[in-house]
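Below, each chain spelled out in residue letters.
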Amino acid sequence: MKNKETNILIFSNVFREIINIFSGPFLTAYFFKISKNSLIDLSTYNIFVFLCVGFFGLMLGYIIRNKFQIGMFRIGVILNAVYVLTIIILKEQILNYLPFIAFLYGTSMITYFYPYNIFLSNKVSNDMRAQYEFKRKTIVTIISILTPIILGTIITTTNFVLTAIIILIMSLIQIVMSFFLKPITYSNKKFTPFSSLKKLLKNKDVKNILKLDFFKGMSVADGSLKILITLLIINAFKTDFNLGIFSSISSLLTIIFQYIYTKYYRNKNDKNMIVICAAVPVISLILLLIINNNIALCLYYFCYSSLVGVLNFVIDIRLFNLSNIPLIKNDNQMEFWSLREVVLNFGRIISYILLLMVSLIKSGKYLNILMLFLTLSILLMGISLSKISKNDK
């Protein structure tokens, strides 16, 4: 494990996580305040975002296979800074420029995370992956505990623009950090996603990771379920500060559960634990639909946020370990990451198309059905995860 570069990746990820909080729950809250048709606007915005991510996720492999990886990473950071600056400038006018803002955010996501995933896959050995991921996730989660409260307080007591300026400074720090990374070189200079797909699908773990990514896109990886939950919390508890408190408590619970997994399950059979973590959010949502009060909402939110945090922790270990097996690492690693982006974002787009359709109908009943359907995707994601080998040797 190359400590200097991996530490840079950790802290770059920390800054990106803070920015994700800005562009996730709090931007959702901002849409909700300034838009009369917030769910329709958010659905449209995110469909554009993930169309960009999926398309460029396939195209970037042709560009950066053996060159311009660091440059593309910097472009991702710069585009994210431009995205934040655009929000600062446009303020309430962002609704008039949704396709443009979505393009900025989508391209900033893929140009950042595509090379980031390549670096993380190659610069951390599989036998050290769980240890590294726990360190990375713990630091990110601690930041996630503090950041929502701070952001929520600033937004509530001052305005959204001050928060955006602070995050813009963080984007500039990321650009400086990117100069300390080294690119990855592959022996095969051609990018061949379609021929590689046939080889990759012969591996059961690859099949299951692609199934997992589709369901993950539908539910927990920036899918529409996250927006629905955020809006439920905003409606129930009103302020950005309260949203921040809820996010911070769930982050603390995530750290605790990740520690339990690392200590007791990392070297054991974890299939039952994975399925339980995936099933509990479904059970808690059913309770919420039956009881329908704030206590049931809190229970669902904390079950969803903290247990999904554990599932994402395990997914990242399995995913990056799988990307380092000989079948993938030797000739098909970049193709693997591109195909994964296409599947993941297909799931995201489907979830937002469904949200858009339900929003146009304007029925609370259909929103509840959609929430249940999307939460069931977490269970299917967990089942797929439980079938993937650890590949940690």
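Relevant structure appears above.
Residues numbered from 1 in each chain as written. Predicted model: local features only at pLDDT ≥ 70, side-chain atom pairs only at ≥ 80, totals over all residues. Heavy atoms only, no water.

(A) Representation of the overall build of the protein chain in the model. The helix and strand inventory of the protein chain stands at 15 helices and zero strands. Among the 393 residues that make up the protein chain, the fraction classed as buried is 59%. The contacts in the protein chain between residues at least 6 apart in sequence include a share of 87% that link residues at least 24 apart. Summed over all atoms, the accessible surface of the protein chain reaches about 16400 Å², with 68% contributed by carbon and sulfur. (Helix = DSSP H or I, 4+ residues; strand = E, 2+ residues; numbered from the N terminus. Buried < 20%, exposed > 50% of the residue type's maximum accessible area, 1.4 Å probe, protein only. Contact = heavy atoms within 4.5 Å. Areas by Shrake-Rupley, 256 points an atom, 1.4 Å probe, with all protein chains shown as cover.)

(B) Quick peek at the packing of helix α8 (residues 204–219) against helix α15 (residues 364–386). Contact geometry of α8 with α15 gives a least axis separation of 8 Å together with a crossing angle of 160°. In this view, α8 runs roughly antiparallel relative to α15, as classed from their interaxial angle. Note on packing geometry: the crossing formed by α8 with α15 is left-handed. Residues Asn208, Lys211, Leu212, Phe215, Lys216, Met218 and Ser219 of α8 pack against Phe373, Leu374, Ser377, Ile378, Leu380, Met381, Ser384 and Leu385 of α15. Counted by class, the contact of α8 with α15 contains nine nonpolar, four polar and two charged residues. (Axes fitted to C-alpha atoms, helices over the stretch in contact; angles between N-to-C directions. Parallel < 35°, antiparallel > 145°, perpendicular 65-115°, else oblique. Left-handed = near helix turned anticlockwise from the far one by under 90°. Nonpolar A, V, L, I, M, F, W, Y, C, P; charged D, E, K, R; others polar.)

(C) Quick peek at the side chain of Thr375. Structurally, Thr375 is set in helix α15. Contacts of Thr375, omitting those with residues within four sequence positions, involve Leu225, Pro281, Val282, Leu285 and Tyr300.

(D) Examining the environment of Ile274 more closely. By the element assignment, Ile274 lies in helix α11 (residues 271–291). Taking C-alpha positions, Ile274 is 7.7 Å from Ile383, a pair spaced 109 residues apart along the chain. Ignoring any residue separated from it by four or fewer positions in sequence, one finds Ile274 in contact with Leu311, Val314, Arg318, Gly382, Leu385 and Ser386.

(E) Just the pattern of salt bridges, in detail. A full pass over the atoms with the stated rule returns eight salt bridges. Note that Lys123 and Glu5 form a salt bridge whose closest N and O atoms lie 2.9 Å from each other. A residue pair is termed long-range when its members are at least 10 positions apart, and Lys123 in helix α4 (residues 98–123) and Glu5 in helix α1 (residues 3–34) qualify at 118 residues. On the basis of relative accessibility, which here comes to 3%, the residue Lys123 falls in the buried class. On the basis of relative accessibility, which here comes to 8%, the residue Glu5 falls in the buried class. Through salt bridges that share partners, Glu133, Arg136 and Asp316 make up one connected network. (Salt bridge = Lys/Arg side-chain N within 4 Å of Asp/Glu carboxyl O.)

(F) Structural detail: a positive patch on the surface. Positive charge collects at one region of the surface, where Lys204, Lys207, Lys211 and Lys387 lie side by side. Along the chain, Lys207 turns up in helix α8. (Patch = residues over 30% accessible without salt bridge, like charges linked within 9 Å, V, L, I, M, F, W, Y side chains within 5 Å. Lys, Arg positive; Asp, Glu negative; His and termini not counted. Charge placed at Lys NZ, Arg CZ, Asp CG, Glu CD.)

(G) Just the side chain of Ser377, in detail. Here Ser377 lies in helix α15. When near neighbours in sequence (up to four residues on either side) are disregarded, Ser377 contacts Phe215, Met218 and Ser219.

(H) Broad picture of the layout of surface pockets. In this structure, the second largest pocket occupies an estimated 170 Å³ of space. Of all the secondary-structure elements, those providing two or more residues to the lining of the second largest pocket are α9 (224–237) and α15. In the lining of the second largest pocket, the residues fall into seven nonpolar, three polar and no charged. (1 Å grid on protein atoms, 1.4 Å probe; cavity = no way out; pocket = protein on both sides within 12 Å on 5 of 7 lines; lining within 4 Å. Points joined across faces, edges and corners; volume = space filled by probe spheres on them.)

(I) A look at the packing of aromatic side chains. Considering all chains together, one arrives at 17 aromatic pairs under this definition. In this arrangement the basic side chain of Arg16 is found over the ring face of Tyr112, its NZ or CZ atom lying 4.7 Å from the centre. One Lys or Arg, Arg74, reaches over the ring of Phe179 and ends 3.8 Å from the middle of that ring. (Phe/Tyr/Trp six-rings, centres within 6.5 Å; stacked < 30°, edge-to-face > 60°. Lys NZ or Arg CZ within 6 Å of the ring centre and 35° of its normal.)

(J) The packing of helix α2 (residues 38–64) against helix α14 (residues 333–361), seen in detail. The interhelical angle for the contact between α2 and α14, taken along N-to-C directions, is 165°, at an axis separation of 8 Å. The angle between the axes of α2 and α14 places the two elements in the roughly antiparallel class. Relative to α14, the crossing made by α2 is left-handed. When its residues are assigned to classes, the contact of α2 with α14 shows 17 nonpolar, nine polar and two charged.

(K) Looking closely at helix α12 (residues 294–322). The terminal C-alpha atoms of α12, which comprises 29 residues, lie 41 Å apart, in line with the 42 Å expected from a rise of 1.5 Å per residue. Within α12, 26 of the 29 residues are buried, leaving the element largely enclosed by the surrounding structure. The opening residue of α12, the one whose side-chain oxygen lies 3.2 Å from the backbone nitrogen of Ile295, is Asn293. (Expected span 1.5 Å × (residues − 1). Polar contact = N/O pair within 3.5 Å; in protein donor to acceptor, adjacent residues only side chain to side chain.)

(L) Just unusual backbone geometry, in detail. Even without a glycine there, the phi angle at Asp222 is positive, about 65°. Residue position: Asp222 is located in the loop between α8 and α9.

(M) Here's a closer look at a nonpolar patch on the surface. Among the surface-exposed residues, Ile283, Ile286, Leu287, Ile290, Ile291 and Leu299 lie close enough to one another that they form a single nonpolar patch of about 550 Å² accessible area. Looking at the nonpolar patch element by element, the count peaks at five residues for α11. One can find Ile286 in helix α11. For Ile286, a relative accessible area of 38% puts it in the partly exposed group.

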